[in-house]
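Here is how the chains run, residue by residue.
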Amino acid sequence: MAATARDTAPGARPHIPVLLRPLLAAVAPVEGLWVDGTFGAGGYARGLLEAGAAQVIGIDRDPMALDMASSWADAYGDRLRLVEGTFSDLDDIAGAPVDGVVLDLGVSSMQLDRPERGFSFLRDGPLDMRMSQSGPSAADLVNTASEEALADILYHYGEERQARRIARAILRRRAEAPFETTGQLVEVIERQLPRPKPGQSHPATRSFQAIRIAVNDEFGQLAAGLEAAERALKPGGRLAVVTFHSLEDRVVKRYLQLAASSGGGGSRHAPALEAEVPRFTLTPKKAIGPDAAELDENPRARSARLRVATRTEAPFAPVDRMKLGLPAPVFGGAAR
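Cut-offs and rules
Each chain has its residues counted from 1, running along the sequence as written. Where totals are concerned, whole chains, interfaces and linings use all residues; where local detail is concerned, this predicted model gives features only for residues with pLDDT of at least 70, and gives and counts side-chain atom pairs only at 80 or more. Calculated side-chain values reflect all of the structure's heavy atoms, with hydrogen atoms and water omitted. Strands here mean DSSP runs of E at least two residues long; helices mean DSSP runs of H or I at least four residues long; both are numbered from the N terminus. Here the term buried applies to any residue with accessible area under 20% of the maximum for its type, exposed to any over 50%, and partly exposed to those in between, with areas from a 1.4 Å probe on protein chains only. Between two residues, a contact is recorded if the distance between any of their heavy atoms is within 4.5 Å. Method for areas: the Shrake-Rupley scheme with a 1.4 Å probe, in which residue coverage is limited to the protein chains shown. Whenever a nitrogen or oxygen atom comes within 3.5 Å of another N or O atom, the pair is scored as a polar contact, on the condition that within protein one atom can donate a hydrogen and the other can accept it, and that pairs from neighbouring residues in sequence are kept only if both atoms are in side chains. Only centres within 6.5 Å qualify two rings of Phe, Tyr or Trp (six-membered ring in Trp) as a pair; their planes then separate them into stacked at under 30 degrees, edge-to-face at over 60, and tilted for everything else. Either the NZ atom of lysine or the CZ atom of arginine qualifies as a charge over a ring when it sits within 6 Å of the ring centre and within 35 degrees of the ring normal. Side-chain atoms within 4.5 Å are what join buried Ala, Val, Leu, Ile, Met, Phe, Trp, Tyr and Cys residues into a set we call a nonpolar core. For every element, the axis is a line fit to its C-alpha atoms; helices are fit only across the contacting stretch, and the angle between N-to-C directions ranges from 0 to 180 degrees. Roughly parallel means an angle under 35 degrees; roughly antiparallel means over 145; roughly perpendicular covers 65 to 115; every other angle is labelled oblique. Here is the rule for handedness: rotate from the far helix to the near one, and if that takes an anticlockwise turn smaller than a right angle the crossing is left-handed, while a clockwise turn gives right-handed. Side-chain classes follow a simple rule in which Ala, Val, Leu, Ile, Met, Phe, Trp, Tyr, Cys and Pro form the nonpolar group, Asp, Glu, Lys and Arg form the charged group, and the remainder, Gly included, forms the polar group.

Visitor: I would appreciate a short explanation of the overall build of the chain in the present structure.
Guide: Tallying secondary structure elements over the chain gives 13 helices and seven strands in all. Counting every position in the chain, which comprises 336 residues, the buried fraction comes to 54%. Pairs at least 24 residues apart make up 70% of the contacts formed inside the chain by residues separated by at least 6 positions. When the accessible surface of the chain is summed, it comes to about 15000 Å², and 50% of that surface belongs to carbon and sulfur atoms.

Quick look at the structure:
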């Protein structure tokens, strides 16, 4: 679930989630059975139901998200089914071919805005970051991983150029006392980086992103979730994925390009690829970004990208994950 401008007060109607309007336009007409694999505050599920979906299955591994929906979900009756789980299992959870799948990647405002969840570098709280609220936490990672593993996480998952320097500083600090709060980690990171200029992101942005991705095995989940969506979708079914940073968008783009490929003719440097029947068509071929109206409404949407593809009749085939450019798992996929 990615960051959106949601009203997370109990019982409140959430704001329109990022790129909902272009998403609904790209997958129209909305009908039949849909899976919202990252339910969050329920904005996409509501949008799909109001656009004409007969039923939406909302999946989230964060039990808090499902608890918060209890105040309004009953209004939709049997049209909305909520399941605690991961979108990597969405085909098994659905139990039948589906007409559409929506995935909104990353962390939600619902999680960022609660200091006790430990996702935010702007609010001090326990160093947690577990979406499922189970398994090893960010504190476990920061307090036990080797310098090399920490540096790899920061570099590969956060594209942090000072990864080695920050990792060394973390080990020096934890030798004195273990990390317990987000504020303690932010303080160490800030000391290793120059003060940001106006308009630049917070110094801890990349490091917190990297640690969160590692704790929740987000890239492993993403690859498995795209495969699960491919298995679940019926011919003509639509897959819509919203990403919020270049790493995850790159993985989604490569997956869909590979799944939509019919092979190539080869060259004198490489043999021809064996022809395959495309399993998706890209509809549209390029990513969709926010328009000016959405940016005015929700500045957090500035980095959002929507990719939409339509399932063909070709049978499912797993994609070689080496071709997706996935960073190697470092923390073992802790909180699945």
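Visitor: Hey, could you run me through the environment of Arg173 in this one?
Guide: By secondary structure assignment, the location of Arg173 is in helix H8 (residues 163-176). Separated by 30 residues in the primary sequence, Arg173 and Asn143 have C-alpha atoms spaced 9.6 Å apart. Those residues within four positions of Arg173 in sequence are excluded, and the remaining contacts are Pro178, Phe179, Gln184 and Val188. Engagement of the side chain of Arg173 in a polar contact is seen with the backbone oxygen of Ala177, the distance being 2.5 Å.

Visitor: Sorry, what's going on with helix H2 (residues 43-51) here?
Guide: Structurally, the α-helix is built with 3.6 residues per turn, so residues lying three or four positions apart point the same way. Among the nine residues in H2, seven count as buried, and that is most of the element. Along H2, the residues that are buried comprise Gly43, Tyr44, Ala45, Arg46, Gly47, Leu48 and Leu49. Where H2 is buried, its residues contact helix H1 (20-27), strand E1 (33-36), strand E2 (55-60), strand E3 (80-84), strand E4 (98-104) and strand E5 (233-243). Downstream of H2 by a residue or two, Gly52 has a phi angle that is positive, lying close to 130 degrees.

Visitor: Would you explain the environment of Tyr157 in this entry?
Guide: Position of Tyr157 relative to the elements: it lies in helix H7 (residues 147-158). The sequence separation of Tyr157 and Gln209 amounts to 52 residues, and the corresponding C-alpha distance is 7.2 Å.

Visitor: Could you clarify how one ought to interpret the packing of aromatic side chains in this entry?
Guide: Under the defined criterion, the tally for this structure stands at four aromatic pairs. Between Trp72 and Tyr76, the ring centres sit 6.2 Å apart and the planes meet at 85 degrees, which makes this aromatic pair edge-to-face. In textbook terms, an aromatic cluster arises when at least three aromatic residues are bridged by ring pairs, as seen for Phe39, Trp72 and Tyr76. The cationic tip of Arg173 hangs over the ring face of Phe179; the distance from NZ or CZ to the ring centre is 4.8 Å. Arg231 extends its terminal NZ or CZ atom over the ring of Phe316, reaching a point 5.3 Å from the ring centre.

Visitor: Just checking my understanding: could you explain the nonpolar core for this structure?
Guide: Soluble globular proteins: nonpolar side chains tend toward being buried together. Core analysis: the largest hydrophobic core is formed by 68 residues, its most contacted members being Leu90, Val101, Leu185 and Leu239. The dominant element in this core, judged by the number of residues it contributes, is helix H11 (residues 218-232), at seven residues. Leave out the neighbours within four places in its chain, and Leu239 touches Val101, Leu226, Ala229, Leu233, Leu256, Phe280, Arg307, Val308 and Ala309. One finds Leu23, Trp34, Phe39 and Phe244 within the second-largest nonpolar core, a separate group that totals 30 residues.

Visitor: Any chance you could explain the packing of H11 against helix H12 (residues 246-259) here in plain terms?
Guide: The description of two packed helices rests on the angle between their axes and on the distance between the axes. Remark: H11 packs on H12, axes separated minimally by 11 Å, with the N-to-C direction vectors making an angle of 30 degrees. Relative to H12, H11 is oriented roughly parallel. Relative to H12, H11 is oriented so that their crossing is right-handed. Contacts between H11 and H12 involve Phe219, Leu222, Leu226, Glu227 and Glu230 from the former and Leu247, Glu248, Val251, Val252, Tyr255 and Ala259 from the latter. Of the residues contributing to the contact of H11 with H12, the split by class is eight nonpolar, no polar and three charged.

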